[in-house]
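# Understanding the architecture of this molecule
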Amino acid sequence: MEKPERRNKRRERTVNWQTVCELAWVLPEAEECRSYGTPAFKVRGKLFVRMHQDGESIVVRIDESDRAMRIQADRKAFYITDHYVRYPWMLVRLSAVDRDDLADLLVDAWRLRAPKTLVAEFEAADG
């Protein structure tokens, strides 16, 4: 009996592009779009997350100091390729990332791209 319960819990924690969508849709003025031929989200025309062309990872905007810390903390979930070394973006393996970590990453990415007034409104409403 324990094994089926564990499988069900694991399924509930599975993160995929739909999870990204559910988390992004609640962010003010987040709009679904396409970028480099893949599904993506922007805020006021600025990209903050997109599906990577490998179909297994996302590309998320990130502060470069946070990127280094996250990659060091969990190399299975967070990584970059040579292409992203000089840019403030990070790749996230959907199969390895925790939903709560993903939610935090998306909010942070949104904050980096949203206008300051929109961020202030969001933070005031959040309490």
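In what follows, the structure referred to is the one given above.
What counts, and where the lines are drawn
- Residues numbered from 1 in each chain as written.
- Predicted model: local features only at pLDDT ≥ 70, side-chain atom pairs only at ≥ 80, totals over all residues.
- Heavy atoms only, no water.
- Helix = DSSP H or I, 4+ residues; strand = E, 2+ residues; numbered from the N terminus.
- Buried < 20%, exposed > 50% of the residue type's maximum accessible area, 1.4 Å probe, protein only.
- Contact = heavy atoms within 4.5 Å.
- Pairing = 2+ DSSP bridges.
- Arc of directions from axis to C-beta.
- Axes fitted to C-alpha atoms, helices over the stretch in contact; angles between N-to-C directions.

With respect to the element layout, His52 can be found in the loop between β3 (46–51) and β4 (57–61). In this structure His52 comes out as buried when scored by relative accessible area, which is 13%. Setting aside its immediate chain neighbours within four residues, His52 contacts Thr38, Ser57, Ile58, Val59, Tyr84 and Leu91.

Before going further, it helps to examine the pairing of strand β2 (residues 38–43). Note that strand β1 (residues 30–35) and β2 share six bridges and pair antiparallel. If you follow Cys33 over to β2, its bridge partner there is Ala40. Hairpin geometry of β1 and β2 is characterised by an intervening segment of two residues between the two adjacent antiparallel strands and by a positive phi of about 55 degrees at Tyr36. In this structure, the hairpin formed by β2 and β3 is closed by a connection of two residues, where Arg44 is found at a positive phi of approximately 45 degrees.

Turning our eyes to something else, we now look at helix α5 (residues 116–126). Along α5, the residues classified as buried are Leu118, Val119 and Phe122. One side of α5 carries all its buried residues, which in axial view fall inside an arc of 100 degrees. Across α5 from its buried face, at more than 90 degrees, point the exposed residues Lys116, Thr117, Glu121 and Ala124.

To continue, consider the sheet that holds β2. One open sheet holds the six strands; their spatial order is β1-β2-β3-β4-β6-β5, and the pairing between them is antiparallel. Bordering the open sheet on either side are β1 and β5 (78–79), each of which pairs with just one other strand. Where helix α2 (residues 17–25) meets the sheet, it contacts β1, β2, β3 and β4, and its direction lies at approximately 15 degrees from that of β2. Lying over the sheet, helix α3 (residues 64–73) contacts β5 and β6 (89–93), oriented at roughly 25 degrees with respect to β6.

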